Amino acid sequence: MDHSNIPLYAGCGTLLTSLFKRSNLHNNQRVRNAGIRFPVRVFLKEAGKIKHLGFSFHDNAEMLEKILSEHPEFEYVQIQLNYLDWEDENVQSRKNYEVCVKYNKPVIVMEPVKGGSLANIMDDAGKLLKELDDTVSQASFAVRFAASLSNMQGSMSKKCKG
C-alpha cells in the first residue's frame, strides 16, 4: 500500500493547538523530517501519500472555528454528537456541528448512542420513545438522529445492547 486513506488526528483542541502554534512547528522543515505528526501528515497529503486528512475534536466551537479557519487542509472532523449532548454546553455537539457545516466539512460522529446509555433508557423518555415506535430499539433513535444530519459522513460507537 502506498497511501493511507483516512489518517485521523486524535484529540485536537485548545492544548494541542496552542502548543503547536507556540512552538512554531508548522513552519519548521526539521520537524517535518523528524516525524512530528501534524506537519508530517500535511506534507504526506501534499505528496499524495494520504488521501483524506481529518481529526477528532474534543473542545468548544470557538476552538473548532479557529482550527478550521486556519487549516483548510483538513477534510473532515470527528465530533461527539448525540441527541442528549446536542445542547450540552460542555460537549457543544450542535455548535461544533454547525461550525463543520459552515466550513463544509463532513462529520464523522462518535458516541451517537453515548456509550450505550441511549440504548436502554428507563424513565419517561424511554417510555416516550417506545410510544413513538415500539418496533425499533432505543439505540436506533439515537443513530437515526445522528444519521439525519446533512454533513454526516459516518459513525463510530461502542458495541451496546439495546
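Above this text sits the structure in question.
Residues numbered from 1 in each chain as written. Predicted model: local features only at pLDDT ≥ 70, side-chain atom pairs only at ≥ 80, totals over all residues. Heavy atoms only, no water.

> Sorry, what's going on with the overall build of the protein chain here?
A count of helical and extended segments in the protein chain gives 7 helices and 5 strands. Tracing the protein chain from N to C terminus, the helices and strands come up as β-α-α-α-β-α-β-α-β-α-α-β. Here the protein chain, with 162 residues, has 37% of them falling under the buried criterion. A fraction of 69% describes how many contacts in the protein chain between residues 6 or more apart in sequence connect residues 24 or more apart. With the model as given, the accessible surface of the protein chain reaches about 9,500 Å², and the carbon-plus-sulfur share is 54%. (Helix = DSSP H or I, 4+ residues; strand = E, 2+ residues; numbered from the N terminus. Buried < 20%, exposed > 50% of the residue type's maximum accessible area, 1.4 Å probe, protein only. Contact = heavy atoms within 4.5 Å. Areas by Shrake-Rupley, 256 points an atom, 1.4 Å probe, with all protein chains shown as cover.)

> What am I meant to see in helix α4 (residues 61-70) here?
It helps to recall that an α-helix has 3.6 residues per turn; residues three or four apart then point in one direction. The complete set of buried residues in α4 reads A61, M63, L64, I67 and L68. All buried residues of α4 lie within an arc of 155° about the axis, which places them on one face of the element. Sitting at the amino-terminal end of α4 is N60, which places a side-chain oxygen 3.1 Å from the backbone nitrogen of E62. (Arc of directions from axis to C-beta. Polar contact = N/O pair within 3.5 Å; in protein donor to acceptor, adjacent residues only side chain to side chain.)

> Help me understand the pairing of strand β3 (residues 76-80) in this model?
Two faces make up the sheet, and in a regular strand the side chains alternate between them. Counting buried residues along β3, 4 of its 5 residues qualify, which places the element largely inside the surrounding structure. A crossover links strand β2 (residues 54-57) with its parallel partner β3, the connecting element being α4, and its sense is right-handed. When β3 meets strand β4 (residues 107-110), the two strands line up parallel, connected through 4 bridges. Residue Q80 lies in a different strand from β4, and its bridge partner there is M110. At this point the chain moves from β3, through helix α5 (residues 93-102), to the parallel β4, and the crossover so formed is right-handed. (Right-handed = clockwise from strand over helix to strand, strands pointing away. Pairing = 2+ DSSP bridges.)

> How should I be thinking about the nonpolar core in this particular structure?
Across soluble globular proteins, nonpolar side chains show a tendency to be buried alongside one another. Ranked by internal contacts, the top residues of the largest apolar core, which has 20 residues, are F55, F57, L64, V77, I79, L81 and Y97. Elements with a contribution of two residues or more to this core: β2, α4, β3, α5 and β4. The biggest single contributor to this core is α4, with 5 residues. If you look at the next biggest cluster of nonpolar residues, it comprises 8 residues, including V113, A119, I121 and A142. (Core = buried A, V, L, I, M, F, W, Y, C linked by side-chain atoms within 4.5 Å.)

> I tried to follow unusual backbone geometry on my own but got confused; where do I start?
One non-glycine residue, E111, lies in positive phi territory at about 65°. Topologically, E111 is positioned in the loop between β4 and α6 (124-132). A positive phi angle, near 50°, is found at K114, a position not held by glycine. Tracing the backbone through its elements, the reader meets K114 in the loop between β4 and α6.

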